[in-house]
Amino acid sequence: MPALSISHFFILSPRGDSIINQNFRHDTATNAPEIFFRKAKFWKGEAPPIFLNDGLTYVNLKRNGLWFVLVSNRNISPSFGVELLNRMCSVIKDYCGILNEEAIRKNFILIIELLGEIIDFGYVQGLSTELLKTYVFSEPMMVEQSSKMPSFNLKDNKTISSSAVQKPISLSERKSTKNEIFVDIIEDLNVTFQPDGRVANMEIDGRIQMKSYLSGNPDLVVGLNQDLAIGKAGNLYGSVVMDDCNFHECVNLSEFEYDRVLQFNPPDGEFVVMNYRITKEIVPPFRIQPFMEDAGPGRVDLLSLIHI
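Small disclaimer: the values here were computed from a predicted structure and weren't measured.

The rules we used
- Residues numbered from 1 in each chain as written.
- Predicted model: local features only at pLDDT ≥ 70, side-chain atom pairs only at ≥ 80, totals over all residues.
- Heavy atoms only, no water.
- Helix = DSSP H or I, 4+ residues; strand = E, 2+ residues; numbered from the N terminus.
- Buried < 20%, exposed > 50% of the residue type's maximum accessible area, 1.4 Å probe, protein only.
- Contact = heavy atoms within 4.5 Å.
- Pairing = 2+ DSSP bridges.
- Polar contact = N/O pair within 3.5 Å; in protein donor to acceptor, adjacent residues only side chain to side chain.
- Axes fitted to C-alpha atoms, helices over the stretch in contact; angles between N-to-C directions.
- Patch = residues over 30% accessible without salt bridge, like charges linked within 9 Å, V, L, I, M, F, W, Y side chains within 5 Å.
- Areas by Shrake-Rupley, 256 points an atom, 1.4 Å probe, with all protein chains shown as cover.
- Salt bridge = Lys/Arg side-chain N within 4 Å of Asp/Glu carboxyl O.
- Arc of directions from axis to C-beta.
- Phe/Tyr/Trp six-rings, centres within 6.5 Å; stacked < 30°, edge-to-face > 60°.
- Parallel < 35°, antiparallel > 145°, perpendicular 65-115°, else oblique.
- Left-handed = near helix turned anticlockwise from the far one by under 90°.
- Nonpolar A, V, L, I, M, F, W, Y, C, P; charged D, E, K, R; others polar.

## Brief notes about the overall build of the chain
Part 1: Scanning the chain from terminus to terminus reveals 7 helices and 18 strands.
Part 2: Of all 308 residues assigned to the chain, the portion counted as buried reaches 36%.
Part 3: Within the chain, counting contacts between residues at least 6 apart in sequence, those at least 24 apart form 59% of the total.

Written out as structure tokens, the structure is:
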């Protein structure tokens, strides 16, 4: 399908330097990175994820201060472009361990090899971390991520640091490390408060995210709450109600309907096992109380207190 062809892909640093620059079809200007950076840098407000300039479509995604950009001279689907960038970021993170400027610079050869297998003459060939292992042979260079968060001394020695998940997917690394799989439950809470502090509207967007370092892709079983109800079936007292949910393609749902059990063979790398949405009213973990005072002509003092 010609409408899905990609002409150019590049990664820019916060300063506008081209870290990765791949021109797949050679039908766009070689200075496309400079053109994009000038447009994005001097855009009024935040640059949109997709815009047109001189007949070219620019699709961009910003991660950790880096610009990931696709360029096409065709009118490509916006959702296709954004999803492609998201998956490319995930693959690069799986192979490099972390996604920052130092890791990309040190793993330049590895990323070029990945791009050669992911896209051929502008057409996407595959974005599976597991399948790409067959064709990518460069070994990653480990980079430690410097954290600005304060460190805490945990008394429980069974608790593993969150930095443990920042390991690259590598055959040689797999031979020298133990089998591990990391599970994170991530929830985004959107709450609208009334002026008196009461909740007007609330929504939770959550996901069960895993990163697998298991060899052989064994069968895994994850049991969820037996009282889990989805949609209108969740009117019973005490049930955990989800408005809707969806699952990764590797999940076998044969026993989910009755036993609330997820069976799957985890692919290598990071993937989302389950996405869910909850709109049922629950007690939020915090409360916002605003105060407004007249501070003179043309001035208003606004104070917001957050009660946890």
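## Points about the pairing of strand S15 (residues 261-264)
Part 1: Bridge count between strand S10 (residues 220-223) and S15: 4 bridges; the pairing is antiparallel. Bridge assignment links Leu220 to a residue of S15, and that residue is Phe264.

## Considering the environment of Asp294
Part 1: By secondary structure assignment, the location of Asp294 is in strand S17 (residues 287-294).
Part 2: One polar contact links the side chain of Asp294 to the main-chain amide nitrogen of Gly296, over a distance of 3.2 Å.

## A closer look at the sheet that holds strand S5 (residues 66-72)
Part 1: Sheet architecture is open: 5 strands sit in the order S2-S1-S5-S4-S3, paired in antiparallel fashion. Of all strands in the sheet, those with a lone pairing partner are strand S2 (18-23) and strand S3 (50-53), marking the two edges. Averaged over all pairs of adjacent strands, the angle between their axes in this sheet comes to 20°, without regard to strand direction.
Part 2: Direction of pairing for strand S4 (residues 56-63) relative to S5: antiparallel, over a ladder of 7 bridges. Residue pairing across strands places Tyr58 opposite Val71, the latter belonging to S5.

## Points about a nonpolar patch on the surface
Part 1: A surface patch of nonpolar side chains, amounting to about 250 Å² of accessible area, comprises Phe291, Leu303 and Leu305.
Part 2: You can see Leu303 is positioned in strand S18 (residues 300-307).

## Side note on the sheet that holds strand S9 (residues 199-212)
Part 1: An order of S8-S9-S16-S13 is seen for the 4 strands of this open sheet, with the pairing classed as antiparallel. One side of each edge strand has no neighbouring strand; the edge strands of this open sheet are strand S8 (181-193) and strand S13 (244-247). The average undirected angle you get between the axes of adjacent strands in this sheet is 15°.
Part 2: Pairing between S9 and strand S16 (residues 269-278): 9 bridges, direction antiparallel. Looking across to S16, one finds that Gln209 is bridged to Val272.

## So, the pattern of salt bridges
A side chain of one charge can pair with a side chain of the opposite charge when the charged atoms of the two come close.
Part 1: Going through the model one piece at a time under the given rule, you end up with 12 salt bridges.
Part 2: The partner of Lys133 in a salt bridge is Asp268, and the shortest N-O contact between them spans 2.4 Å. Taken together, the residues span a long stretch of sequence, with Lys133 in the loop between helix H5 (129-132) and helix H6 (171-176) and Asp268 in the loop between S15 and S16 at a distance of 135 residues.
Part 3: One salt bridge in this structure joins Asp244 and Arg277, with 2.6 Å as the shortest N-O distance. Separated by 33 residues along the polypeptide, Asp244 in strand S13 and Arg277 in strand S16 bring together distant segments of the chain.
Part 4: A relative accessible area of 32% places Asp244 in the partly exposed class.
Part 5: One salt-bridge network, held together by shared partners, links Arg15, Asp17, Glu101 and Arg105.

## Some details on helix H4 (residues 108-118)
Part 1: Residues of H4 that are buried include every one of Leu110, Ile111, Leu114, Leu115 and Ile118, and no others. Taken down its axis, H4 places every buried residue within 135° of arc, on the same side.

## Details of the packing of aromatic side chains
Part 1: Here the structure, examined in full by the defined rule, presents 9 aromatic pairs.
Part 2: Note on Trp43 and Phe51: the rings are 5.1 Å apart at their centroids and 45° apart in plane angle, and the pair reads as tilted.
Part 3: The exposure class assigned to Phe51 is buried, which follows from its relative accessible area of 6%.
Part 4: Consider the rings of Phe51 and Tyr58, whose centres lie 5.4 Å apart with planes at 15°: the pair is stacked.

## Notes on the packing of helix H2 (residues 78-96) against H4
Part 1: The contact between H2 and H4 brings their axes to 11 Å, and the two run at 140°. In terms of orientation, H2 lies oblique with respect to H4. The handedness of the crossing between H2 and H4 is right-handed. Here H2 contributes Met88, Val91, Ile92, Tyr95 and Cys96 to the contact with H4, which in turn contributes Leu110, Ile111, Leu114, Leu115 and Ile118.
Part 2: Partitioning the contact of H2 with H4 into residue classes produces 10 nonpolar, no polar and no charged.

## So, the side chain of Thr129
Part 1: Tracing the backbone through its elements, the reader meets Thr129 in helix H5.
Part 2: If we ignore the near neighbours within four places in the chain, the residues touching Thr129 are Val91, Asp94, Tyr95, Ile169, Asp268 and Gly269.

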